[in-house]
2 protein chains.
Amino acid sequence: MAPERDIPDATVARLPVYRRTLVGLAAAGETTVSSARLAELAGVNAAKVRKDLSRLGTYGVRGVGYEVENLLMQIGEVLGVNVDAPVVIVGMGNLGQALARYGGFSTRGFRVVALTDSDPKKIGKKFAGLTIQHQDDLPKIAKDLDISVGIITTPAEAAQQVADELVAVGVGSILNFAPTVLNVPAHIPIRKVDLATELQILGYYQHRAS
Amino acid sequence: MAPERDIPDATVARLPVYRRTLVGLAAAGETTVSSARLAELAGVNAAKVRKDLSRLGTYGVRGVGYEVENLLMQIGEVLGVNVDAPVVIVGMGNLGQALARYGGFSTRGFRVVALTDSDPKKIGKKFAGLTIQHQDDLPKIAKDLDISVGIITTPAEAAQQVADELVAVGVGSILNFAPTVLNVPAHIPIRKVDLATELQILGYYQHRAS
DNA sequence: CCCTGTGAAGCAGTTCACAGCG
DNA sequence: CGCTGTGAACTGCTTCACAGGG
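Source: prediction; values computed, not measured.

**Looking at the packing of helix 1 (residues 9-27) of chain A against helix 2 (residues 35-42) of chain A**
All names here are of chain A. Orientation of helix 1 relative to helix 2, taken along the N-to-C sense of each, is 110°, at an axis distance of 10 Å. On the basis of their axis angle, the class for helix 1 and helix 2 is roughly perpendicular. Along the contact surface, helix 1 presents V17, Y18, T21, L22 and L25, while helix 2 presents R37, L38, L41 and A42. Residue composition of the contact of helix 1 with helix 2, grouped by class: 7 nonpolar, 1 polar and 1 charged.

**Quick word on unusual backbone geometry**
Positive phi, normally seen in glycine, also occurs at D84(A), with a value near 55°. Turning to its location among the elements, D84(A) is positioned in the loop between helix 4 (68-79) and strand 3 (85-90). Non-glycine residue D146(B) carries a positive phi angle of around 55°. Along the chain, the position of D146(B) falls in the loop between helix 6 (138-145) and strand 7 (149-152). Given a relative accessible area of 57%, D146(B) falls into the exposed group.

**A closer look at the pattern of salt bridges**
All names here are of chain A. The tally for this structure, following the rule as stated, stands at 12 salt bridges over all chains. The partner of D84 in a salt bridge is R111, with the nearest N and O atoms 2.9 Å apart. Of the two residues, D84 sits in the loop between helix 4 and strand 3 while R111 sits in strand 4 (residues 110-117), which places them 27 residues apart along the sequence. A residue is classified by how much of its surface remains accessible, and D84, at 33% relative accessible area, is partly exposed.

**Overview of the interface of chain A and chain B**
Contacts between the two partners involve 60 residues from chain A, matched on the other side by 60 residues from chain B. Counting the surface lost from both chain A and chain B, the interface buries some 5,400 Å², and carbon and sulfur atoms represent 64% of this. The interface formed by chain A and chain B contains 4 salt bridges. Close ionic contact of R191(A) with E198(B) constitutes a salt bridge, the shortest N to O distance being 2.5 Å. Where chain A meets chain B, there are 16 residue pairs in polar contact (both at pLDDT 80 or more). A class-by-class count of the residues in the side of chain A that touches chain B yields 34 nonpolar, 12 polar and 14 charged.

**Notes on the sheet that holds strand 9 (residues 190-192) of chain B**
All names here are of chain B. The strand order across the open sheet built from 7 strands is 5-6-4-3-7-8-9, with neighbouring strands paired in mixed fashion. In this open sheet, the two strands that pair with only one neighbour each are strand 5 (126-127) and strand 9. Relative to strand 4 (residues 110-117), strand 3 (residues 85-90) runs parallel, the two sharing 6 bridges. In the strand pairing of strand 4, V87 is matched with V112.

**Describing the protein's contact with DNA strand D**
Inspection of the region around DNA strand D gives 25 residues, with S35(A), R50(A), G60(A), Y66(A) and R14(B) positioned closest. When the atoms of DNA strand D within 4 Å of the protein are grouped by moiety, sugar and phosphate amount to 59% of the total. Within the side chain of Y66(A), a nitrogen or oxygen atom sits 2.6 Å from a phosphate oxygen of DNA strand D. Only helix 3 (46-55) of chain A together with helix 1 (9-27) and helix 3 (46-55) of chain B provide two or more residues apiece to the surface near DNA strand D. When residues in the surface near DNA strand D are grouped by element, the largest group, 4 residues, is from helix 3 of chain B. Here the residues of the surface near DNA strand D sort into 7 nonpolar, 9 polar and 9 charged.

**Details of helix 7 (residues 156-168) of chain A**
Residues and elements named next belong to chain A. Look at helix 7: 19 Å from first C-alpha to last across 13 residues, which is about the 18 Å you get at 1.5 Å a residue. A159, V162, A163 and L166 are the residues of helix 7 that are buried. For helix 7, the secondary structure elements touched by its buried residues are strand 3, helix 6 (138-145), strand 7 (149-152) and strand 8 (173-176). Just downstream of helix 7, G170 is the residue with a positive phi angle, here 90°.

**Quick word on the relation of the copies chain A and chain B**
The operation relating chain A to chain B is a screw motion whose rotation component is 180°, with 0.0 Å of axial translation and a residual RMSD of 0.0 Å. Taken together, the rotation and translation relating the two chain copies correspond to the operation of a two-fold axis.

Procedures and definitions
Residues numbered from 1 in each chain as written. Chains lettered and ligands numbered in written order. Predicted model: local features only at pLDDT ≥ 70, side-chain atom pairs only at ≥ 80, totals over all residues. Heavy atoms only, no water. Axes fitted to C-alpha atoms, helices over the stretch in contact; angles between N-to-C directions. Helix = DSSP H or I, 4+ residues; strand = E, 2+ residues; numbered from the N terminus. Parallel < 35°, antiparallel > 145°, perpendicular 65-115°, else oblique. Contact = heavy atoms within 4.5 Å. Nonpolar A, V, L, I, M, F, W, Y, C, P; charged D, E, K, R; others polar. Buried < 20%, exposed > 50% of the residue type's maximum accessible area, 1.4 Å probe, protein only. Salt bridge = Lys/Arg side-chain N within 4 Å of Asp/Glu carboxyl O. Buried area = accessible area lost by both parts, 1.4 Å probe. Polar contact = N/O pair within 3.5 Å; in protein donor to acceptor, adjacent residues only side chain to side chain. Pairing = 2+ DSSP bridges. Near = heavy atom within 4 Å. Expected span 1.5 Å × (residues − 1). Least-squares fit on C-alpha atoms with pLDDT ≥ 70 in both.

The structure is reproduced here in C-alpha coordinates:
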(Lines give C-alpha, C1' and ligand atoms only; values in the text may rest on other atoms or scores of the structure.)
Protein backbone atom coordinates (compact mmCIF):
# COMPACT_ATOMS: atom_id res chain seq x y z
CA MET A 1 0.00 0.00 0.00
CA ALA A 2 2.88 2.37 0.61
CA PRO A 3 4.30 3.50 -2.69
CA GLU A 4 7.53 2.11 -4.10
CA ARG A 5 10.70 2.88 -2.17
CA ASP A 6 13.79 4.54 -3.49
CA ILE A 7 12.47 7.15 -5.83
CA PRO A 8 15.36 8.89 -7.64
CA ASP A 9 16.22 12.39 -6.40
CA ALA A 10 15.51 13.92 -9.78
CA THR A 11 12.02 12.45 -9.75
CA VAL A 12 11.32 13.59 -6.19
CA ALA A 13 12.29 17.12 -7.18
CA ARG A 14 9.67 17.10 -9.94
CA LEU A 15 6.80 15.64 -7.94
CA PRO A 16 5.84 18.97 -6.34
CA VAL A 17 5.60 20.51 -9.80
CA TYR A 18 3.35 17.72 -11.02
CA ARG A 19 1.28 18.09 -7.89
CA ARG A 20 0.81 21.81 -8.38
CA THR A 21 -0.14 21.22 -11.99
CA LEU A 22 -2.64 18.54 -11.03
CA VAL A 23 -4.22 20.79 -8.42
CA GLY A 24 -4.80 23.28 -11.21
CA LEU A 25 -6.29 20.65 -13.49
CA ALA A 26 -8.57 19.38 -10.75
CA ALA A 27 -9.75 22.92 -10.06
CA ALA A 28 -10.52 23.28 -13.76
CA GLY A 29 -12.68 20.18 -13.56
CA GLU A 30 -10.40 17.87 -15.53
CA THR A 31 -10.65 14.25 -14.44
CA THR A 32 -7.95 12.67 -16.57
CA VAL A 33 -4.69 13.86 -18.05
CA SER A 34 -2.24 12.34 -20.51
CA SER A 35 1.50 12.31 -19.92
CA ALA A 36 1.87 14.63 -22.91
CA ARG A 37 -0.44 17.25 -21.46
CA LEU A 38 0.94 17.03 -17.95
CA ALA A 39 4.43 17.30 -19.43
CA GLU A 40 3.54 20.42 -21.35
CA LEU A 41 2.02 22.12 -18.30
CA ALA A 42 4.88 21.10 -16.05
CA GLY A 43 7.52 22.15 -18.54
CA VAL A 44 9.12 18.73 -18.99
CA ASN A 45 9.20 15.93 -21.53
CA ALA A 46 6.44 13.33 -21.74
CA ALA A 47 8.70 10.28 -21.40
CA LYS A 48 10.04 11.76 -18.19
CA VAL A 49 6.55 12.18 -16.79
CA ARG A 50 5.71 8.56 -17.53
CA LYS A 51 8.94 7.27 -16.07
CA ASP A 52 8.54 9.45 -12.98
CA LEU A 53 4.96 8.37 -12.38
CA SER A 54 5.79 4.73 -12.91
CA ARG A 55 8.16 5.08 -9.93
CA LEU A 56 5.24 5.79 -7.65
CA GLY A 57 3.70 2.49 -8.52
CA THR A 58 0.96 4.52 -10.17
CA TYR A 59 -0.74 3.01 -13.12
CA GLY A 60 -2.31 5.13 -15.77
CA VAL A 61 -4.83 3.83 -18.21
CA ARG A 62 -3.44 2.99 -21.64
CA GLY A 63 -5.22 4.85 -24.35
CA VAL A 64 -6.59 7.37 -21.84
CA GLY A 65 -4.07 8.76 -19.40
CA TYR A 66 -3.96 9.26 -15.64
CA GLU A 67 -6.81 9.95 -13.28
CA VAL A 68 -6.18 13.39 -11.80
CA GLU A 69 -7.58 12.80 -8.32
CA ASN A 70 -5.93 9.45 -7.94
CA LEU A 71 -2.58 10.81 -9.02
CA LEU A 72 -2.90 13.75 -6.64
CA MET A 73 -3.55 11.41 -3.78
CA GLN A 74 -0.60 9.22 -4.57
CA ILE A 75 1.84 12.09 -4.99
CA GLY A 76 0.48 13.68 -1.82
CA GLU A 77 1.13 10.50 0.07
CA VAL A 78 4.68 10.15 -1.22
CA LEU A 79 5.50 13.76 -0.33
CA GLY A 80 3.80 13.49 3.02
CA VAL A 81 1.62 16.54 2.49
CA ASN A 82 -0.95 15.26 4.94
CA VAL A 83 1.49 15.14 7.78
CA ASP A 84 1.14 18.76 8.92
CA ALA A 85 4.71 18.99 10.21
CA PRO A 86 5.41 21.69 12.84
CA VAL A 87 7.95 24.25 11.60
CA VAL A 88 10.13 26.79 13.41
CA ILE A 89 11.58 29.80 11.60
CA VAL A 90 14.88 30.93 13.11
CA GLY A 91 15.93 34.48 12.31
CA MET A 92 13.25 37.13 12.03
CA GLY A 93 14.90 39.61 9.70
CA ASN A 94 13.29 40.67 6.43
CA LEU A 95 13.17 37.21 5.00
CA GLY A 96 12.03 35.49 8.19
CA GLN A 97 9.18 37.96 8.48
CA ALA A 98 8.18 37.44 4.87
CA LEU A 99 8.15 33.67 5.39
CA ALA A 100 6.16 33.97 8.61
CA ARG A 101 3.48 35.72 6.59
CA TYR A 102 3.71 33.28 3.68
CA GLY A 103 0.46 31.44 3.19
CA GLY A 104 1.64 28.44 1.25
CA PHE A 105 2.66 26.18 4.11
CA SER A 106 -0.62 24.69 5.18
CA THR A 107 -1.59 23.15 1.86
CA ARG A 108 1.84 21.56 1.58
CA GLY A 109 1.91 19.68 4.83
CA PHE A 110 3.67 22.24 7.00
CA ARG A 111 2.55 24.55 9.78
CA VAL A 112 4.68 27.34 11.19
CA VAL A 113 4.26 27.08 14.95
CA ALA A 114 7.18 29.09 16.32
CA LEU A 115 9.45 32.00 15.46
CA THR A 116 12.78 32.69 17.13
CA ASP A 117 15.55 35.27 17.04
CA SER A 118 18.52 36.07 19.19
CA ASP A 119 18.04 39.85 19.13
CA PRO A 120 16.37 40.91 22.42
CA LYS A 121 14.75 43.85 20.65
CA LYS A 122 12.72 41.48 18.48
CA ILE A 123 11.51 39.14 21.23
CA GLY A 124 7.83 39.58 21.93
CA LYS A 125 6.92 41.06 18.57
CA LYS A 126 4.18 39.31 16.67
CA PHE A 127 3.96 38.07 13.12
CA ALA A 128 1.05 36.21 11.64
CA GLY A 129 -0.32 35.47 15.10
CA LEU A 130 2.93 34.12 16.53
CA THR A 131 5.16 35.80 19.08
CA ILE A 132 8.90 35.83 18.49
CA GLN A 133 10.71 33.88 21.19
CA HIS A 134 14.36 33.81 22.11
CA GLN A 135 16.52 31.30 20.30
CA ASP A 136 17.82 30.13 23.68
CA ASP A 137 14.35 28.76 24.39
CA LEU A 138 14.52 26.48 21.36
CA PRO A 139 14.91 23.27 23.40
CA LYS A 140 11.72 23.95 25.30
CA ILE A 141 9.85 25.12 22.19
CA ALA A 142 10.94 22.08 20.23
CA LYS A 143 9.86 19.75 22.97
CA ASP A 144 6.50 21.40 23.61
CA LEU A 145 5.54 21.76 19.96
CA ASP A 146 7.28 18.69 18.59
CA ILE A 147 9.06 20.72 15.93
CA SER A 148 10.11 18.63 12.96
CA VAL A 149 11.36 21.20 10.44
CA GLY A 150 13.70 24.14 10.96
CA ILE A 151 13.92 27.05 8.53
CA ILE A 152 17.10 29.09 8.90
CA THR A 153 16.87 32.74 7.87
CA THR A 154 19.72 34.13 9.92
CA PRO A 155 22.84 35.85 8.63
CA ALA A 156 25.45 33.42 7.30
CA GLU A 157 27.67 33.80 10.37
CA ALA A 158 25.01 32.45 12.72
CA ALA A 159 23.67 29.71 10.50
CA GLN A 160 25.95 26.81 11.44
CA GLN A 161 25.38 27.40 15.14
CA VAL A 162 21.63 27.47 14.57
CA ALA A 163 21.80 24.31 12.50
CA ASP A 164 23.66 22.57 15.31
CA GLU A 165 21.00 23.70 17.78
CA LEU A 166 18.21 22.50 15.52
CA VAL A 167 19.85 19.12 15.14
CA ALA A 168 20.44 18.93 18.88
CA VAL A 169 16.75 19.41 19.67
CA GLY A 170 15.79 16.68 17.24
CA VAL A 171 14.53 18.54 14.20
CA GLY A 172 14.10 16.13 11.30
CA SER A 173 14.93 18.34 8.34
CA ILE A 174 16.27 21.79 7.57
CA LEU A 175 15.64 24.42 4.94
CA ASN A 176 18.54 26.87 4.79
CA PHE A 177 18.21 30.37 3.37
CA ALA A 178 21.55 31.57 4.77
CA PRO A 179 24.27 31.86 2.14
CA THR A 180 26.62 29.31 3.61
CA VAL A 181 27.29 25.59 3.45
CA LEU A 182 26.01 23.82 6.56
CA ASN A 183 27.40 20.65 8.07
CA VAL A 184 24.74 18.40 9.51
CA PRO A 185 24.64 14.67 10.21
CA ALA A 186 24.02 12.66 7.06
CA HIS A 187 20.62 11.45 8.21
CA ILE A 188 19.17 14.98 8.38
CA PRO A 189 17.81 16.04 5.01
CA ILE A 190 18.76 19.60 4.24
CA ARG A 191 18.01 21.85 1.29
CA LYS A 192 19.17 25.32 0.55
CA VAL A 193 17.54 28.29 -1.10
CA ASP A 194 20.14 30.80 -2.09
CA LEU A 195 19.15 33.98 -3.85
CA ALA A 196 22.67 35.25 -4.36
CA THR A 197 23.74 31.97 -5.94
CA GLU A 198 20.80 31.97 -8.31
CA LEU A 199 21.53 35.50 -9.40
CA GLN A 200 25.15 34.70 -10.09
CA ILE A 201 24.19 31.65 -12.14
CA LEU A 202 21.92 33.90 -14.17
CA GLY A 203 24.82 36.30 -14.44
CA TYR A 204 26.90 33.66 -16.13
CA TYR A 205 24.32 32.81 -18.76
CA GLN A 206 23.45 36.41 -19.47
CA HIS A 207 27.10 37.33 -19.70
CA ARG A 208 27.69 34.43 -22.12
CA ALA A 209 24.80 35.40 -24.31
CA SER A 210 26.13 38.87 -24.97
CA MET B 1 42.04 36.20 -22.13
CA ALA B 2 38.36 35.43 -21.74
CA PRO B 3 37.98 32.12 -19.92
CA GLU B 4 37.05 28.92 -21.67
CA ARG B 5 33.62 28.72 -23.25
CA ASP B 6 30.99 26.14 -22.59
CA ILE B 7 31.26 25.52 -18.91
CA PRO B 8 28.93 22.65 -17.86
CA ASP B 9 25.77 23.70 -16.02
CA ALA B 10 26.70 21.70 -12.97
CA THR B 11 30.00 23.55 -12.72
CA VAL B 12 28.40 26.95 -13.21
CA ALA B 13 26.02 26.20 -10.35
CA ARG B 14 28.96 25.58 -8.02
CA LEU B 15 31.04 28.60 -8.95
CA PRO B 16 29.11 30.98 -6.70
CA VAL B 17 29.74 28.65 -3.77
CA TYR B 18 33.46 28.56 -4.50
CA ARG B 19 33.44 32.31 -4.85
CA ARG B 20 31.76 32.82 -1.49
CA THR B 21 34.21 30.44 0.13
CA LEU B 22 37.17 32.23 -1.44
CA VAL B 23 35.90 35.60 -0.27
CA GLY B 24 35.94 34.17 3.24
CA LEU B 25 39.45 32.80 2.83
CA ALA B 26 40.71 36.10 1.47
CA ALA B 27 39.15 37.94 4.41
CA ALA B 28 40.96 35.55 6.72
CA GLY B 29 44.23 36.46 5.06
CA GLU B 30 44.78 33.17 3.24
CA THR B 31 46.66 33.56 -0.01
CA THR B 32 46.56 30.02 -1.35
CA VAL B 33 44.15 27.13 -1.01
CA SER B 34 44.32 23.48 -2.04
CA SER B 35 41.49 21.72 -3.84
CA ALA B 36 41.05 19.54 -0.77
CA ARG B 37 40.54 22.50 1.54
CA LEU B 38 38.31 24.40 -0.83
CA ALA B 39 36.30 21.22 -1.33
CA GLU B 40 35.83 20.76 2.40
CA LEU B 41 34.67 24.34 2.91
CA ALA B 42 32.37 24.25 -0.09
CA GLY B 43 30.89 20.89 0.83
CA VAL B 44 31.99 19.01 -2.29
CA ASN B 45 34.60 16.49 -3.34
CA ALA B 46 38.16 17.53 -4.19
CA ALA B 47 38.26 15.97 -7.64
CA LYS B 48 35.16 17.95 -8.53
CA VAL B 49 36.79 21.18 -7.45
CA ARG B 50 39.83 20.50 -9.61
CA LYS B 51 37.77 19.53 -12.61
CA ASP B 52 35.51 22.55 -12.18
CA LEU B 53 38.41 24.97 -11.88
CA SER B 54 40.21 23.44 -14.83
CA ARG B 55 37.16 24.44 -16.89
CA LEU B 56 37.86 28.09 -16.23
CA GLY B 57 41.27 27.77 -17.79
CA THR B 58 42.61 28.44 -14.33
CA TYR B 59 45.86 26.87 -13.45
CA GLY B 60 46.75 26.06 -9.89
CA VAL B 61 50.29 25.38 -8.77
CA ARG B 62 51.15 21.70 -8.35
CA GLY B 63 52.38 20.94 -4.92
CA VAL B 64 50.84 24.16 -3.56
CA GLY B 65 47.27 24.84 -4.62
CA TYR B 66 45.42 27.83 -6.05
CA GLU B 67 46.07 31.48 -5.48
CA VAL B 68 42.99 32.85 -3.73
CA GLU B 69 42.93 36.33 -5.25
CA ASN B 70 43.63 35.11 -8.73
CA LEU B 71 40.90 32.49 -8.51
CA LEU B 72 38.43 35.03 -7.18
CA MET B 73 39.14 37.30 -10.08
CA GLN B 74 38.68 34.55 -12.63
CA ILE B 75 35.45 33.27 -11.15
CA GLY B 76 34.19 36.83 -10.83
CA GLU B 77 34.84 37.41 -14.48
CA VAL B 78 33.10 34.23 -15.59
CA LEU B 79 30.03 35.04 -13.48
CA GLY B 80 30.03 38.65 -14.56
CA VAL B 81 29.96 40.02 -11.03
CA ASN B 82 31.57 43.26 -12.15
CA VAL B 83 28.78 44.03 -14.52
CA ASP B 84 26.42 45.75 -12.07
CA ALA B 85 23.29 44.69 -13.92
CA PRO B 86 20.15 46.79 -13.29
CA VAL B 87 17.35 44.76 -11.71
CA VAL B 88 13.60 45.31 -11.43
CA ILE B 89 11.52 43.54 -8.80
CA VAL B 90 7.94 42.96 -9.93
CA GLY B 91 5.41 42.33 -7.16
CA MET B 92 5.85 44.12 -3.88
CA GLY B 93 4.14 41.72 -1.50
CA ASN B 94 5.93 40.26 1.51
CA LEU B 95 8.64 38.63 -0.51
CA GLY B 96 9.20 41.51 -2.89
CA GLN B 97 9.59 43.84 0.06
CA ALA B 98 12.06 41.50 1.74
CA LEU B 99 14.10 41.29 -1.46
CA ALA B 100 14.04 45.05 -1.94
CA ARG B 101 15.68 45.35 1.46
CA TYR B 102 18.12 42.52 0.82
CA GLY B 103 21.68 43.75 0.88
CA GLY B 104 23.42 41.01 -1.05
CA PHE B 105 22.90 42.28 -4.58
CA SER B 106 25.65 44.83 -4.94
CA THR B 107 28.57 42.53 -4.24
CA ARG B 108 27.23 40.03 -6.71
CA GLY B 109 27.00 42.22 -9.75
CA PHE B 110 23.37 43.31 -9.43
CA ARG B 111 21.68 46.55 -8.48
CA VAL B 112 17.97 46.88 -7.78
CA VAL B 113 16.92 50.05 -9.56
CA ALA B 114 13.15 49.73 -9.78
CA LEU B 115 10.17 48.21 -8.00
CA THR B 116 6.77 47.68 -9.57
CA ASP B 117 3.35 46.40 -8.61
CA SER B 118 -0.09 46.48 -10.17
CA ASP B 119 -1.96 47.35 -6.97
CA PRO B 120 -2.73 51.12 -7.00
CA LYS B 121 -2.61 51.15 -3.20
CA LYS B 122 1.08 50.26 -3.25
CA ILE B 123 2.20 52.75 -5.90
CA GLY B 124 4.25 55.56 -4.40
CA LYS B 125 5.34 53.68 -1.30
CA LYS B 126 9.04 53.50 -0.69
CA PHE B 127 11.34 50.61 0.07
CA ALA B 128 15.08 50.87 0.46
CA GLY B 129 15.11 54.28 -1.19
CA LEU B 130 13.06 53.27 -4.22
CA THR B 131 9.48 54.23 -4.99
CA ILE B 132 7.08 51.57 -6.18
CA GLN B 133 5.88 52.29 -9.71
CA HIS B 134 2.99 50.84 -11.65
CA GLN B 135 3.71 47.73 -13.65
CA ASP B 136 2.13 49.44 -16.68
CA ASP B 137 5.09 51.82 -16.69
CA LEU B 138 7.53 48.94 -17.15
CA PRO B 139 8.36 49.79 -20.79
CA LYS B 140 9.43 53.29 -19.87
CA ILE B 141 11.28 52.13 -16.74
CA ALA B 142 13.09 49.44 -18.64
CA LYS B 143 14.14 51.86 -21.34
CA ASP B 144 15.26 54.62 -18.98
CA LEU B 145 17.18 52.36 -16.62
CA ASP B 146 18.33 49.75 -19.09
CA ILE B 147 16.94 46.93 -16.97
CA SER B 148 18.63 43.61 -17.64
CA VAL B 149 17.22 41.31 -14.94
CA GLY B 150 13.64 40.83 -13.80
CA ILE B 151 12.73 39.28 -10.46
CA ILE B 152 9.15 38.03 -10.29
CA THR B 153 7.56 37.96 -6.85
CA THR B 154 3.92 38.13 -7.85
CA PRO B 155 1.23 35.55 -7.15
CA ALA B 156 1.38 32.56 -9.48
CA GLU B 157 -1.64 33.74 -11.50
CA ALA B 158 0.09 36.93 -12.60
CA ALA B 159 3.54 35.52 -13.20
CA GLN B 160 3.27 34.42 -16.83
CA GLN B 161 1.86 37.78 -17.87
CA VAL B 162 4.66 39.56 -16.03
CA ALA B 163 7.25 37.29 -17.63
CA ASP B 164 5.85 38.12 -21.07
CA GLU B 165 6.06 41.81 -20.27
CA LEU B 166 9.64 41.50 -19.03
CA VAL B 167 10.64 39.66 -22.18
CA ALA B 168 8.84 42.24 -24.31
CA VAL B 169 10.82 45.11 -22.82
CA GLY B 170 14.08 43.32 -23.46
CA VAL B 171 15.06 41.96 -20.07
CA GLY B 172 17.96 39.54 -20.45
CA SER B 173 17.25 37.08 -17.66
CA ILE B 174 14.58 36.25 -15.11
CA LEU B 175 14.52 34.98 -11.55
CA ASN B 176 11.09 33.57 -10.71
CA PHE B 177 9.80 33.23 -7.16
CA ALA B 178 6.21 32.56 -8.19
CA PRO B 179 5.18 28.92 -7.83
CA THR B 180 4.43 28.28 -11.47
CA VAL B 181 6.24 27.12 -14.60
CA LEU B 182 6.95 30.03 -16.93
CA ASN B 183 7.25 29.87 -20.69
CA VAL B 184 9.86 32.21 -22.08
CA PRO B 185 11.88 32.20 -25.30
CA ALA B 186 14.77 29.75 -25.16
CA HIS B 187 17.40 32.46 -25.30
CA ILE B 188 16.25 34.05 -22.02
CA PRO B 189 17.92 32.36 -19.07
CA ILE B 190 15.44 31.79 -16.28
CA ARG B 191 15.83 30.28 -12.84
CA LYS B 192 13.26 29.59 -10.21
CA VAL B 193 13.30 29.75 -6.44
CA ASP B 194 10.38 27.86 -5.03
CA LEU B 195 9.90 27.58 -1.31
CA ALA B 196 6.88 25.31 -1.47
CA THR B 197 8.70 22.89 -3.75
CA GLU B 198 11.71 22.77 -1.48
CA LEU B 199 9.54 22.06 1.53
CA GLN B 200 7.78 19.24 -0.25
CA ILE B 201 11.06 17.69 -1.29
CA LEU B 202 12.14 17.80 2.34
CA GLY B 203 8.79 16.29 3.19
CA TYR B 204 9.58 13.28 1.07
CA TYR B 205 12.94 12.60 2.65
CA GLN B 206 11.71 13.13 6.17
CA HIS B 207 8.70 10.96 5.53
CA ARG B 208 10.95 8.22 4.14
CA ALA B 209 13.30 8.34 7.08
CA SER B 210 10.58 7.64 9.60
C1' DC C 1 56.81 14.58 -1.99
C1' DC C 2 52.52 17.15 -2.47
C1' DC C 3 48.91 18.64 -5.10
C1' DT C 4 47.16 19.64 -9.75
C1' DG C 5 45.18 18.20 -14.14
C1' DT C 6 42.98 14.69 -16.57
C1' DG C 7 42.12 10.22 -18.97
C1' DA C 8 39.11 6.47 -17.94
C1' DA C 9 35.61 4.14 -15.42
C1' DG C 10 31.32 4.39 -13.21
C1' DC C 11 26.81 6.15 -12.30
C1' DA C 12 22.51 8.78 -12.68
C1' DG C 13 19.27 10.81 -15.33
C1' DT C 14 17.20 11.60 -19.91
C1' DT C 15 15.41 10.39 -24.19
C1' DC C 16 14.15 7.19 -27.67
C1' DA C 17 11.31 3.94 -29.61
C1' DC C 18 8.15 0.47 -29.43
C1' DA C 19 5.59 -3.49 -27.45
C1' DG C 20 1.28 -4.12 -25.44
C1' DC C 21 -3.09 -3.04 -23.21
C1' DG C 22 -7.64 -0.84 -22.98
C1' DC D 1 -5.92 3.43 -32.39
C1' DG D 2 -4.05 6.20 -28.41
C1' DC D 3 -1.38 6.36 -24.67
C1' DT D 4 1.14 3.95 -21.02
C1' DG D 5 5.14 1.45 -19.34
C1' DT D 6 9.76 0.26 -20.11
C1' DG D 7 14.04 -1.87 -22.10
C1' DA D 8 17.94 0.13 -24.38
C1' DA D 9 20.81 3.74 -26.02
C1' DC D 10 22.68 7.93 -24.89
C1' DT D 11 24.27 12.00 -22.52
C1' DG D 12 26.31 14.39 -18.89
C1' DC D 13 28.19 14.42 -14.36
C1' DT D 14 30.92 12.39 -10.73
C1' DT D 15 34.56 9.81 -8.91
C1' DC D 16 38.71 7.31 -9.25
C1' DA D 17 43.41 6.89 -9.79
C1' DC D 18 47.58 8.29 -11.36
C1' DA D 19 51.02 10.71 -14.34
C1' DG D 20 53.73 14.60 -14.02
C1' DG D 21 55.19 19.32 -12.63
C1' DG D 22 56.89 22.51 -9.04
